Amino acid sequence: MTMPSSPEEPRRKSPPDAEAETCSSPDGLSREEAARRLAEYGPNELPEKKENPLLKFLSYFWGPIPWMIEAAAVLSAVVQHWADFVIILVLLAMNALVGFWEEYQAGNAIAALKAKLALVAKVRRDGAWTTVPSRELVPDDLIRVRIGDIVPADARLVSAEEMEVDQSALTGESLPVTRGEGETVYSGSIVRRGEGDAVVTATGQQSYFGKTARLVEEAHTVSHFQRAVLKIGNYLIVIALALVTLILAVALSRGDSLVTSLQFALVLTVAAIPVAMPTVLSVTMAVGSRTLARRQAIVSRLSSIEELAGMDILCSDKTGTLTQNRLTMGEPFVVGGSSVTEVLGCAALASRAEDRDPIDLAVLEGAGDAALEGGTVTGFSPFDPVRKRTEAEVRGPDGERFRVAKGAPQVIMGLAVNAAEVGPEVDRAVEAFAGRGFRSLGVARSAEGEGWKFIGVIPLYDPPREDSKETIETAARMGVEVKMVTGDQLAIAREIGNQLGLGATIVDAGVFDSPETHQAGLIAAIEQADGFAQVFPEHKFRIVEALQSQGHIVGMTGDGVNDAPALKKADAGIAVSGATDAARAAAAIVLLTPGLSVIIDAIRESRTIFQRMNSYAIYRISETIRVLLFMTLSILVFNFYPVTAVMIVLLALLNDGAILAISYDRARPSERPEAWNMRNVLGVATVLGCIGVVASFGLFYLGERVFHLGRDMIQSLMYLKLSVAGHLTIFLTRTRGPFWSTPPAPILFAAVVGTQTLATLIAVYGVFMAPTGWVWGAFVWGYALCWFLVNDRVKLLAWRLLAGKTFP
């Protein structure tokens, strides 16, 4: 995978070198040359890879479980069981439609990145300035950028005053960076101060922005949910194929007709297939996603719910996620007998709100009432690259006239007449602030007719969100380790890490690019780190990839374009409130409220949803084994078909249809990350399935040997027993403790009572089968309830042996 080079690679070149590289002239390119280059390099836009919706929909008919369902449909057509054929196809189509629709909602990250680009650009062609669509820019075009512009392509400044550029959407840096002549500005960044001319060096996919988009395209992760469904499907396929092959061989050796054998193969295949399993699991996650939406978390990829439940590491972007993404003023350092109020007042007078400069706004907000008490500004000189300071002329409340200035401490110190006196302690204060990752501003005051006097230093920083520390602590109690990821300097990352209690092990992302770093050592460093500083998109991507390679289920939060590749690669990509379109489209979960606290609610809810899916999976597998093994042994040992094809279809419709209500069931979220433990799932399901076979043969023995009932009557009793006992099994699998430890949701209980009442009526009055009457119907219910109590104790023993857990 090709990684984009970082915006902090050596970028300064002398203007002659820059012009030699770009072969540009002061008149810009001719229109003919621009057209030729447009044909050669392509438009300055991100190519969008569109997936055929029909092919996407058809992909839901491909895989182990769809193959089993399709095989059953084919067998139904072969033996002309058209009712079965239609029912099976409807269930298959339902699963495909639910999955396709939910995935369709996810959107396209590349389209969002494309929308982020500037729409038009000012370019010099044939010696004249003109405005063209940004998609028509080509390498070597001479463009002009000014305050407020989105830079339309990667370009090298060739004639410019020093400007400030906000590239937080690309790198995650919380503060604007300064760029001057000979330096590069990147596509997608925003000019916050200054203007200048630049020569385009890269467009479209070759730009830094475009290479980030390519990472999003290339980031694909197979969900643990998909793997679990495949494992379950494979497990049942092996069982079904072995038993069907065995039964067909025995039937043909007995001289049974081919049609009869195929009919039984159909019944057995339908019994083996968890036809509604993908649908039930998808609907469970879809219902859960609506619950999460009410908690201000929008789910765009259903499988991410299961991933969020199992997440054990959360890589959190710092800027705008752990912090507020706005400059805030810290406690000023004062010198020369000045007061904090005087320093704040002078700094505020040297600021102007209407310029919307982030530094000025932070100073004015931090100064508060002091900004109103200092006097009236009679003249204002804004920041410029030559003076490197802002300056104001002021008339005080008492009529006194004086001047104030603020800027870089070394610039302000150069003006001060008291520099020798206060210089050493100011230098120590600035170094201390820098060690904590703060930006420092020097403040000076000059009375009328007197020289400048340095009066203090103001620190500026991006503060943590109020709820970040509590969220991190709660996540730790839930088994989720939070690792901070930021494009800011190491000192800033350490300061924020200390404030949030993340830990002191902050790794400089420069180690990723060092040829001396071994892969094994790098992965170990990533696992042990509490956070990462000076990180760029390719580093975030590699951090997620490395953690996933060690078996971790990784979540990633972010809000900028720079986060999109890692959001797409992560098992659970989470776009925070206010995120860019690119981040929202790449993420699987989008938060609508600020901060991380909503993530804790989302984790709890996702773990509840996981419990429901896990309960259903155990139930469905155990029922498949129960019916499949019972039918197989009945044919082999007694040469008797215990249920008919119609009975099997009725079981599938009534049981799985009602079990959709498990989507609303009560469940207790785990205090630790969840995971599909197939040993436990298949183990408990197999034990319950085998016990169910014993119970079924018990009823068969009573009907044939004790009560001497006819085979038709026994088939009706077996149908009712399999239906009632099957639905009672869900009350066993939904808890790991005794069945009464967590009461079921009313809707689930009502669904079970309703469907089993219908199943009882069908058996009692003989719809599609011999009538049992109410006496035998009641007998079957009593028999099933007795075995239900036995099965509950067997389940507890199975969990104790498999998972080492004991329950009362």
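Here's a quick rundown of the structure. (Residues numbered from 1 in each chain as written. Predicted model: local features only at pLDDT ≥ 70, side-chain atom pairs only at ≥ 80, totals over all residues. Heavy atoms only, no water.)

Details of the overall build of the protein
For the protein, the helix and strand inventory stands at 31 helices and 24 strands. Burial status across the protein gives 56% buried among its 808 residues. When contacts within the protein are restricted to residue pairs at least 6 apart in sequence, long-range pairs at least 24 apart make up 74% of them. Taken as a whole, the protein presents about 32,700 Å² of accessible surface, with 58% of it coming from carbon and sulfur. (Helix = DSSP H or I, 4+ residues; strand = E, 2+ residues; numbered from the N terminus. Buried < 20%, exposed > 50% of the residue type's maximum accessible area, 1.4 Å probe, protein only. Contact = heavy atoms within 4.5 Å. Areas by Shrake-Rupley, 256 points an atom, 1.4 Å probe, with all protein chains shown as cover.)

Looking at the packing of aromatic side chains
Summed over the entire model, instances satisfying the criterion amount to 16 aromatic pairs. When the ring of F433 is compared with that of F438, the centres are 6.2 Å apart and the planes differ by 25°; the resulting orientation is stacked. Just as F433 is buried, F438 falls in that class too. Note on Y765 and W774: the rings are 6.0 Å apart at their centroids and 85° apart in plane angle, and the pair reads as edge-to-face. Its relative accessible area of 55% is what places Y765 among the exposed residues. Note that R144 overlies the ring of W129, its terminal NZ or CZ placed 4.3 Å from the centroid. A cation over a ring is seen here: R445 above F402, with NZ or CZ 3.9 Å from the ring centre. (Phe/Tyr/Trp six-rings, centres within 6.5 Å; stacked < 30°, edge-to-face > 60°. Lys NZ or Arg CZ within 6 Å of the ring centre and 35° of its normal.)

A word on the packing of helix α28 (residues 678–706) against helix α29 (residues 711–733)
At a minimum axis separation of 10 Å, α28 and α29 run at an interaxial angle of 150°. With respect to α29, the axis of α28 lies roughly antiparallel. In this structure, α28 crosses over α29, and the sense of that crossing is right-handed. Contacts between α28 and α29 pair L688, G692, A695, S696, L699, F700, G703 and E704 from the former with R711, I714, L717, M718, K721, L722, L732 and T733 from the latter. Broken down by class, the residue content of the contact of α28 with α29 amounts to nine nonpolar, four polar and three charged. (Axes fitted to C-alpha atoms, helices over the stretch in contact; angles between N-to-C directions. Parallel < 35°, antiparallel > 145°, perpendicular 65-115°, else oblique. Left-handed = near helix turned anticlockwise from the far one by under 90°. Nonpolar A, V, L, I, M, F, W, Y, C, P; charged D, E, K, R; others polar.)

Details of helix α26 (residues 597–638)
The end-to-end C-alpha separation of α26 is 61 Å, in line with the 62 Å expected for 42 residues at 1.5 Å each. α26 sits mainly inside the fold: 34 of its 42 residues count as buried. Residue N639 follows α26 closely and has a positive phi angle near 50°. (Expected span 1.5 Å × (residues − 1).)

Regarding α28
The terminal C-alpha atoms of α28 lie 40 Å apart, and with 29 residues this matches the ideal 42 Å at 1.5 Å per residue to within 8%. Directly beyond the C-terminal end of α28, a positive phi value near 50° is found at H708.

Observations concerning a nonpolar patch on the surface
Taken together, V646, L761, Y765, V767, F768 and W774 make up a surface patch of nonpolar side chains, about 620 Å² in accessible area. Relative to the helices and strands, F768 is located in the loop between α30 (746–765) and α31 (773–803). (Patch = residues over 30% accessible without salt bridge, like charges linked within 9 Å, V, L, I, M, F, W, Y side chains within 5 Å. Salt bridge = Lys/Arg side-chain N within 4 Å of Asp/Glu carboxyl O.)

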